[in-house]
Each structure stands twice: as structure tokens, then as C-alpha cells.
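# Working through the structure, step by step
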Amino acid sequence: MASAPANLWVLLGLGLAGILIMTKKLKKNKVVKQDFGAFVLRFQLLPPPQPSPPKAPHPLTGLTFAVSDVFDIDGFVTGFGNLDWERTHEAASQTSSVVSALVEGGATCVGKTVVAEMAYSISGENKNYGTPTNPTAPALIPGGSSSGSAVAVAADLVHFSLGTDTDGGVRVPAGYCGVIGFRPSYGAVSHVGIVPVSSSCDTVGWFAKDPIILRRVGHLLLQVPFAVQHNPRSIIIADDCFQLVKNSVDRVAPVVIKSTEKLFGRQVLKHENLGNYLDLKVPSLKSFHSKKSNGEVKSSSIRLLANVMELVKRHEFKCNHGEWISSVKPTLDPIIAAQIRERLQISDMEIENFRTIRNEIRVALNSLLKDDGILVIPTIPDPPLKLGSKEILSEDYLSRVFSLLSLASMSGCCQVTVPLGFHGQNPVSVSLVARHGGDRFLLDTVHTMYASLQEQADIIEKSKLSAKVVSQETSAEIAKEKGNQAFKDKQWQKAIGFYTEAIRLSGTNATYYSNRAAAYLELGSFLQAEADSSTAINLDRKNVKAYLRRGTAREMLGYYHEAIEDFRYALVLEPTNKRAALSAERLKNLFQ
């Protein structure tokens, strides 16, 4: 009887120590709207029973996770983000080894998530299954290719999730959705049972909100041996990379610098012009230098590296899937189709040069970082684009984005995206890079720095908000003084314009409304004067001038009883105010 459960699992064909509970499969062409549109398929892969004491429980017990629809799950067709691919492929006969390892480690897999079509786009949009909704900014793209997995974590639908990262498939959606995203060293995690995109750049990555969960998952997948945790001895800010950032440059690097100083001391901080460093250390890149007519180098080494990465990706993608595309002629998103179907003339010599560049940049970054160094770069230079934005096609946009993403993709180094709150309405992140093979060190560093990074991000955000408020209040006072001068010069309409500007900058100041009411009275605009005086009184119940001006406006409008009340209340606040006394007495005698 003891062997019955094991036999049952074998009969079900899981290839796992668990059981499969299947829900009804979604029909083709059906767009998932619930759960932020993150899932294409719901099911459960349950972990095996906990071992009896005194044995330790499974390391991931109690955690749930989801996987991008590029991971094979026994009994299901792997959709690869394309309906024609799903239609022309059989169900998987076994489960991806990485998914099996997580389930056997105690975690419960709850479904498959949307992936960008053929895992090719960094926007995360998918017209076949619907684009997942970015929980942090619903009108903006979630980022791809592993958009659904990032959204599932950001929306608290699972504790962690799996995706694949070729040229940013985990790092970009992590940055756009405000979660942590880890791209391990190339080759560190098994890729068996996963649909490939570009075999020499593909990695299995994972998302989490909690750095502790991120590290627990990492330790299991990486199978790292026990080691004493050590702190970074150098944290290198890539200054030229931050120059690529459009809006939030003063919101990212300072956070890392302050956190580093607080945790490890100022002596740990270093600065580097990474482009200049690669010029010296990656000589094979020179063959890809495009020049202007005057002979000046047009592209930096980092941008050239991005060009090489995209050529490698397209070449290897065609090697993997070109025959299927030619025979099936699938319906593809026009953006993807244009890139895939464009003819590539790449010689064997160029392919060999690609390998040389890869080796040179890995050696260069390993030499820069050594065993205990961290390179700090922006994750992405731009905030998330709006859904359907055509800027995703812009050569300049893609060049700047891939310049940053190519560093880890081409070198094989490990990289983690860490969220840093918001800049305006847009999520902000930073990336930390460690040498190839330094995955445990990078996970430990994130674990050590995460709380401090969030704290410093909050401090900087609050200080900027405070500075903005102070600046606006100063500008409002200047506008008010200009209004006062115009009032003295009997330029009533001009005065109203300045007071209106002051109100726009600081709308909770009663004086600005009261002063504008005075200008309206001079123009005979009694309704506007009454409204402004009422607003001033609501903001400041002791504003005597506002009561006087509202009383005057009401008197001119024929609201005599209300006017008397205003003048009398002004007298209560200021018993010696002659204007209030005379006005109240005059109206009182008028009605006797």
C-alpha cells in the first residue's frame, strides 16, 4: 500500500513527487481578463508530503509560484505566446526540470502566465492572449517577454514566478512592474524543457517581492554550496550608463550611494566610465564600429554591444524556429515579423567574432568586479511606455534600452533588478551586476541592501516632494506680490491674473482667494467675489478681510441679512474694526 501514491504519480505522468489537479483549459483566442490578465492556464502541481521530523521541511514549503508559457508542463501544450505554435505542437511529455525542482522543493505551481509572442518582445504585449495589466501603472506596458509572471507577483497572486531572460525578458518587466527580478549567470540554471529563443543568451530568471523569497528560490535552483556571507568590497557606479537615463537619473544613483555609505562605508564606492573601459578591454568590438563620414566614431562600445546582441538573438532565433515559421507561415505581430523575416547575412567569421566578443566582455567584467564587486547600472533608461505606443519601434529608444541590457546578456554575468518606488507616476528601479558565477554573492547583497535601498528611496522622494512644495509656495508668494502691486496700480484684471496663478501654485492659501475677491469687487464681479471670499473663509475661519469682502459682495447682490451676519462676525473677530461696525450699523438701520 505504501507504494500506491508513487504509482499513481507515475500513471499521471507528472515526473514529479506530487499530483496534478487540472482545471478546464482555456479555449484558443480567449483573452483572460481576471487576475490582471496574468494567466493563460490554471492548474496545480502540488509538492510531496513533508518529511518526518527530525528531518528539515522542504525549503520552499508554503510558497506558490507561476511559470511563463515557455516552460513545459507534462500534459499541456507549451503555447510560446502564439496561437499557431500552440495549434501545431503536441502536449509536453514531461515537465521542465526547473519547475520539477521547485515543486519537489515544497512550492506549489498554480499555472502558466502570458509571455510576449514567441518570447521576442520587451514590451510584454500579446494580441493572442491579451496583454497583462501592469498593477503599478495600468495604462503602461508591463514589459516583456515574461510579462505575465511579473504581473502575477506584482499583483500578489503568487509568492514568486519564473520567466526567461534573453535580452531583458525578466529584468525589464521587473523594473516596469515594481518587483525584484533576477537573471542568473548564463548556464547556472538548467534550460531543459524550455522553448529556446537565443540559445547563447537564454537564462531562466525569477521574480519576487520579498528578497528573502528571492534568495530561497535562488539557493534551490542554483544548488549553491553553503558559504559564509560577505559584503561587497567595491560598489561601482557606471556613470556613463546613468547618462542614458531620461527622467529619473537623480532618483536612482543617489539612493544606491546613500545606502552604500550607510551599510559599508564611503570607501567602498567607486565610479567608472564603462564605455571607456570596454573600449580598452573588448578590442573585438572595434570591427562593429560604424563611422561618420568625417571618421568620428558614431557609437559607444555599449551601444555596439547592443547591436551585436540583437544580431546574435535574431540569428539564433532563426536557427531554432526559422523552419517552423517557413512551413507554418504563422500569423505574427507585424513588429516581430519584420525583425524575424528580415534577411540576415552573417558569415561564419562574424559568428566566430561574436563568440570572441562574448569571451572578452565576460573576462573584462569579471576582472572589474572580481569576487566581491557590484556594478550599478540603470535597469532601463526610460519609464514604461503607454500601451500600444509606437515609440517601442524607435531606433533610439531600442538602442538605449538594449545598451544596458546587453551587458549581462553578452557577458553571461548575473544581474538583479531592484525596485525603488516611483518617480512621478512611473515605477523606478536600479540593477546590480556581479561577475559570472557570483550568483550567491549577488543574492546575499540584495538581501543585505534591500531594506536600506527602500529607506533611502523614501527619504529622497520625500525630500524632493518637500522641495517641490517649498518651491511652489515661494513662486505663489511672488505671484501674490505682483498681484498686490497691480491692485495698487488699479490694474484689477491683471491683479486677478496674478492671484489666480498664486492659487494654482498653492490652492490652500486663504489670502490668495481673499485678495482675488477684492479685485473682483473693484470690477463689479460680485458673484465671483462672494465665491472667493467663501473659499477663503473655509480655509481660514479667522480671515476678517474675507468676511468683510463677502459681506460687501452680498450687500451688492441684495443678500442683506447674510451681509449683516458677515459684518457682525468680522466684529467678533476684530471688535475695533470700524469698517465692519459701520457697515453692520448701516444695514441694520436700513431694515429698521
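As a convention, each chain's residues are numbered from 1 in the sequence order in which they are written. This being a predicted model, a pLDDT of at least 70 is required before a residue's local features are given, and a value of 80 or more before pairs of side-chain atoms are given or counted; all residues contribute to the totals for chains, interfaces and linings. To obtain the side-chain values, all non-hydrogen atoms of the structure were included, while hydrogens and water were left out.

Here we come to helix H3 (residues 97-104). The rule is simple: take the accessible area with a 1.4 Å probe, protein chains only, and divide by the maximum for that residue type; under 20% is buried, over 50% is exposed, in between is partly exposed. The way it works is that DSSP assigns letters per residue, a run of H or I at least four long becomes a helix, a run of E at least two long becomes a strand, and they are numbered from the N terminus. Among the residues making up H3, those that are buried are Val98, Val99, Ser100, Leu102 and Val103. Contact criterion: two residues are considered in contact whenever any of their non-hydrogen atoms come within 4.5 Å of each other. Here the buried face of H3 lies against strand S2 (39-45), strand S3 (64-68), strand S4 (108-113), strand S5 (160-165), strand S7 (203-208) and helix H6 (211-222). Phi turns positive one or two residues past the end of H3, at Gly106, with a value near 110 degrees.

Below, the discussion takes up the confidence of the model for the chain. Segments scoring low in pLDDT should not have their predicted coordinates read at a detailed level. Confidence per residue, as judged by the predictor, is encoded in pLDDT with a range of 0 to 100. Mean pLDDT over the chain: 89, with 91% of residues reaching 70 or higher. When the criterion is pLDDT under 50, residues 1-32 qualifies, and its contacts beyond four places in sequence or with other chains add up to 60 contacts. Of the regions scoring below 50 in pLDDT, residues 290-297 engages in eight contacts with residues more than four places distant in sequence or in other chains.

Turning our eyes to something else, we now look at the pairing of strand S11 (residues 414-423). Among the ten residues of S11, seven are classified as buried, and the element is accordingly described as predominantly covered. Here the rule is simple: two strands pair whenever DSSP picks up at least two bridges between them. As defined by bridge partners, strand S6 (residues 180-183) adjoins S11 across three bridges and the pair is classed as antiparallel. Note on S11: the bridge partner recorded for Gly181 is Thr417. Two strands pair when backbone bridges link them, and S11 and strand S12 (residues 426-434) are joined in this way by eight bridges, in the antiparallel orientation. Bridging across to S12, His423 finds its partner in Asn426. In this antiparallel pair of consecutive strands, S11 and S12, the connection spans two residues, and Gly424 shows a positive phi of 70 degrees.

Relative placement of two packed helices is described by the angle separating their axes and the distance separating the axes. Direction vectors running N to C along helix H10 (residues 301-328) and helix H12 (residues 348-369) enclose 130 degrees, while the axes themselves pass 11 Å from each other. The pairing of H10 with H12 is recorded here as oblique in orientation. By crossing handedness, the relation of H10 to H12 is classed as left-handed. For the pair H10 and H12, the contacting residues are Leu305, Val308, Leu311, Val312 and His315 in the first and Ile351, Phe354, Ile357, Arg358 and Ile361 in the second. In this classification, Asp, Glu, Lys and Arg are treated as charged, Ala, Val, Leu, Ile, Met, Phe, Trp, Tyr, Cys and Pro as nonpolar, and every other residue, Gly included, as polar. Residues belonging to the contact of H10 with H12 are distributed by class as follows: eight nonpolar, one polar and one charged. The convention used is that axes are lines fitted to C-alpha atoms, helices contributing only their stretch in contact, and that angles between N-to-C directions extend from 0 to 180 degrees. What sets the label is the angle itself: under 35 degrees gives roughly parallel, over 145 gives roughly antiparallel, 65 to 115 gives roughly perpendicular, and the rest give oblique. Each crossing is labelled by how the near helix is turned from the far one, with a counterclockwise turn of less than a right angle marking it left-handed and a clockwise turn marking it right-handed.

Another aspect to go through is helix H16 (residues 510-523). A helix is expected to span 1.5 Å multiplied by its residue count minus one. The terminal C-alpha atoms of H16, which comprises 14 residues, lie 20 Å apart, in line with the 20 Å expected from a rise of 1.5 Å per residue. The buried fraction of H16 amounts to eleven of the 14 residues, a majority that puts the element mostly inside the structure. Those residues of H16 that fall on the buried side of the exposure criterion are Ala510, Tyr512, Tyr513, Ser514, Asn515, Arg516, Ala517, Ala518, Ala519, Tyr520 and Leu521. Residues adjacent in sequence count toward polar contacts only when both atoms are side-chain atoms; beyond that, a polar contact is any pair of N or O atoms within 3.5 Å, and within protein one must be able to donate a hydrogen and the other to accept it. Where H16 begins, one side-chain oxygen reaches toward the backbone nitrogen of Thr511, 3.0 Å away; that side chain belongs to Asn509. Gly524, located one to two residues past H16, shows a positive phi value of around 80 degrees.

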